[in-house]
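Here is how the chains run, residue by residue.
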Amino acid sequence: AQSVTQLDSQVPVFEEAPVELRCNYSSSVSVYLFWYVQYPNQGLQLLLKYLSGSTLVESINGFEAEFNKSQTSFHLRKPSVHISDTAEYFCAVSLSGFQKLVFGTGTRLLVSP
Amino acid sequence: NAGVTQTPKFRVLKTGQSMTLLCAQDMNHEYMYWYRQDPGMGLRLIHYSVGEGTTAKGEVPDGYNVSRLKKQNFLLGLESAAPSQTSVYFCASSTGQPRQPQHFGDGTRLSIL
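So, how was this worked out
Residues numbered from 1 in each chain as written. Chains lettered and ligands numbered in written order. Predicted model: local features only at pLDDT ≥ 70, side-chain atom pairs only at ≥ 80, totals over all residues. Heavy atoms only, no water. Helix = DSSP H or I, 4+ residues; strand = E, 2+ residues; numbered from the N terminus. Rg over C-alpha atoms; globule rule 2.2 N^0.38 Å. Buried < 20%, exposed > 50% of the residue type's maximum accessible area, 1.4 Å probe, protein only. Areas by Shrake-Rupley, 256 points an atom, 1.4 Å probe, with all protein chains shown as cover. Lys, Arg positive; Asp, Glu negative; His and termini not counted. Charge placed at Lys NZ, Arg CZ, Asp CG, Glu CD. Disulfide = S-S within 2.5 Å. Pairing = 2+ DSSP bridges. Phe/Tyr/Trp six-rings, centres within 6.5 Å; stacked < 30°, edge-to-face > 60°.

**Student:** Summarise the overall build of chain A; cite the residues concerned and give the values.
**Tutor:** The number of helices and strands found in chain A is zero helices and twelve strands. Going from the N terminus to the C terminus, chain A shows its helices and strands as β-β-β-β-β-β-β-β-β-β-β-β. Since a compact globule built from 113 residues should have a radius of gyration of about 13 Å, the 13 Å found for chain A is in line with a globular shape. When the backbone C-alpha atoms are referred to their principal axes, chain A occupies close to 45 × 30 × 25 Å. Classification of the 113 residues of chain A by burial places 45% in the buried group. Carbon and sulfur atoms make up 51% of the accessible area of chain A, which totals about 5,500 Å². Taking the average place of the 7 positive charges on the side chains of chain A and the average place of its 9 negative ones, the gap between the two points comes to 11 Å.

Here it is as structure tokens:
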């Protein structure tokens, strides 16, 4: 069975600093990988996804994630965060042939001035 | 664009009471899902549906029932509410294709006293 591990429950950073949110998954078959973001009192929104091809994927608001098959990781990075990036971030995985997602426990990103 | 709409947004119940949470989507999606979100546990799948008239159990189905009588609606029922069901409930929908993301509602915050 698949599983997703987000080791950091909370990551505090200062504005304009770089950040990395870690995600590791376990699966014996091909997977699709997703990062979702949840702003306070809202539902989850897709941030970016890896399906195949280039291992580096980017979002429209400056986040990027790199798929590393050998390390079974899909870490999320941003070189310079803004206050508005404060949110909870969920990594999720699905088997390549099936549309059920398995979510990690989430990482709360706290950006302070 | 409404997307996925959940009603109600908040509800307080007493132990033993029953209620139904409604999810409606206007994207003509085949698949619909109900999740619960609890602190430190991420999102866990309760039930899902792969089309009108179908339902299936997810990871934590006990104590819940669902119905998908119309393609656009997915109902989650609690027959006899228990304090352990205090949570935030999210509905999501998707095309069912693994490459496509799930679209989430804004959640229902449910407290069982």
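**Student:** So, the state of the cysteines: which residues are in play, and what are the values?
**Tutor:** Residues and elements named next belong to chain B. Inspection of every chain in the model, using the stated rule, returns two disulfides over all chains. Paired through a disulfide, Cys-23 and Cys-91 show a sulfur-sulfur distance of 1.9 Å. Of note, the bridge from Cys-23 to Cys-91 carries an S-S torsion of about -75 degrees and is left-handed in sense. In this pair, Cys-23 is assigned in strand β3 (residues 19-25) and Cys-91 in strand β9 (residues 87-94), connecting sequence segments 68 residues apart. Residue classification places Cys-23 among the buried residues on the basis of a relative accessible area of 0%.

**Student:** Give a description of unusual backbone geometry that names residues and reports values.
**Tutor:** Across the junction of Thr7(B) and Pro8(B), the peptide omega takes the value -5 degrees, indicating a cis bond. As for its placement among the helices and strands, Pro8(B) is situated in the loop between β1 (4-7) and β2 (10-13). We note that Glu16(A) has phi near 75 degrees; this positive angle belongs to a residue other than glycine. By secondary structure assignment, the location of Glu16(A) is in the loop between β2 (10-14) and β3 (19-21). Unlike most non-glycine residues, Thr72(A) shows phi in positive territory, near 45 degrees.

**Student:** Kindly report on the pairing of β2(A), identifying the contributing residues and their values.
**Tutor:** Residue and element names in this part refer to chain A. Because side chains alternate across β2, one face comprises the buried residues Val-11 and Val-13, and the other comprises Gln-10, Pro-12 and Phe-14, none of which is buried. In terms of strand pairing, β2 meets strand β12 (residues 107-112) through five bridges, oriented parallel. Looking at β12, one finds that Val-13 is bridged to Val-111.

**Student:** Which residues make up the packing of aromatic side chains, and what values go with them?
**Tutor:** Applying the stated criterion to the full structure yields 13 aromatic pairs over all chains. Ring centres of Phe103(A) and Tyr35(B) lie 5.5 Å apart, and the angle between their planes is 90 degrees; on these two criteria the pair is classed as edge-to-face. Of this pair, Phe103(A) sits in strand β11 (residues 102-103) while Tyr35(B) is found in strand β4 (residues 31-38), placing the two residues in two different chains. Assessed through its relative accessible area of 1%, Tyr35(B) is described here as buried. A connected cluster of aromatic rings, assembled from ring pairs, spans Phe34(A), Tyr36(A), Phe90(A), Phe103(A), Tyr31(B), Tyr33(B), Tyr35(B) and Phe104(B).

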